[in-house]
Amino acid sequence: SGSGIAITAKGLVGASGGSATFSISTTGAAYYSGAVSASQITTGTITAASLDTSSYLRAYGSSPTIVNLGYSSFFPTVFGDSTRTTGVGVLGNASGGPGVLGRTTESGSSGVVGWVLAAGANGVYGQSNSSTGAGVRAVNNDNGPALVVGGKMTISDSTLVTNLNADMLDGNHASAFA
């Protein structure tokens, strides 16, 4: 039922009213029952029920950093979820490479998946401010489809798309117009 800090053979323990509030073992493992605040954590692993940040969570390193966040049955490398009206789940911003890159090596899996939970929202949204850059680029290096559309498509631009072949027009084959 005590409160205070104790140094034991297993490490450092802090308690309040008989309940452990933190511990640091002699191997360096740490447990905290309260909030942890830091401007930067440079190494190690964080295991938590949730990470709550006041603005955003950023992971970076000298090579692409993997942030393992389990979600449902998808087990994504990075999962972003926003409940704000104008929120963004995952945002990538780059000047020399992809802002968001999704890759999978499993058959039947997808590199990037976006789904909509509210009317008027976008599952995947890409924007380019360059005359030669693509807002969204889809590539398949193994002869499969680069893009699969499972639903209606809306085209908001009348510019001719080179090499786009259409098999049917208004449900009719080309022979219907000959």
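Preceding this paragraph is the structure being described.
Residues numbered from 1 in each chain as written. Predicted model: local features only at pLDDT ≥ 70, side-chain atom pairs only at ≥ 80, totals over all residues. Heavy atoms only, no water.

**Notes on the overall build of the protein**
- In terms of regular secondary structure, the protein is built from zero helices and six strands.
- Within the protein, contacts between residues at least 6 apart in sequence are counted, and of these 3% link residues at least 24 apart.
- Carbon and sulfur atoms make up 50% of the accessible area of the protein, which amounts to about 16200 Å² in all. (Helix = DSSP H or I, 4+ residues; strand = E, 2+ residues; numbered from the N terminus. Contact = heavy atoms within 4.5 Å. Areas by Shrake-Rupley, 256 points an atom, 1.4 Å probe, with all protein chains shown as cover.)

**Describing the packing of aromatic side chains**
- Taken as a whole and assessed by the stated rule, the structure comprises one aromatic pair.
- Plain terms: the ring middles of F22 and Y32 are 6.4 Å apart, the flat faces sit at 20° to each other, and that makes the pair stacked. Within this pair, whereas F22 is found in strand 3 (residues 19-25), its partner Y32 is found in strand 4 (residues 30-32), the two being separated by ten residues in sequence. (Phe/Tyr/Trp six-rings, centres within 6.5 Å; stacked < 30°, edge-to-face > 60°.)

**What about the sheet that holds strand 2 (residues 11-16)?**
- Taken together, four strands build an open sheet; the order of strands is 1-2-3-4 and the sheet is antiparallel. For this open sheet the edge positions go to strand 1 (4-8) and strand 4, each flanked by a neighbour on one side alone. Adjacent strand axes in the sheet meet at a mean angle of 20° when their direction is disregarded.
- Sheet topology note: the strand 2/strand 3 ladder contains six bridges and is antiparallel. (Pairing = 2+ DSSP bridges. Axes fitted to C-alpha atoms, helices over the stretch in contact; angles between N-to-C directions.)

**So, the environment of V148**
- Of note, V148 is situated in the loop between strand 4 and strand 5 (168-169).
- Spatially, the C-alpha atoms of V148 and A138 are 9.6 Å apart, while their sequence positions differ by ten residues.

**Here we look at the pairing of strand 2**
- In terms of strand pairing, strand 1 meets strand 2 through five bridges, oriented antiparallel. Pairing of G4 across the sheet is with A15, part of strand 2.
- Between strand 1 and strand 2, which follow one another and run antiparallel, lie two residues.
- Counted between consecutive antiparallel strands, the loop separating strand 2 from strand 3 contains two residues, among which G17 sits at a positive phi close to 60°.

**What to know about unusual backbone geometry**
- Of note in this structure, N143 is not a glycine but carries a positive phi near 70°.
- Among the residues examined, N143 registers a relative accessible area of 82% and is labelled exposed.
- Residues other than glycine seldom take positive phi values, yet D170 does so here, at roughly 50°.
- Residue placement: D170 occurs in the loop between strand 5 and strand 6 (172-173).
- The class of D170 is exposed, set by a relative accessible area of 74%. (Buried < 20%, exposed > 50% of the residue type's maximum accessible area, 1.4 Å probe, protein only.)

Shape is all these values report; function is a separate question.
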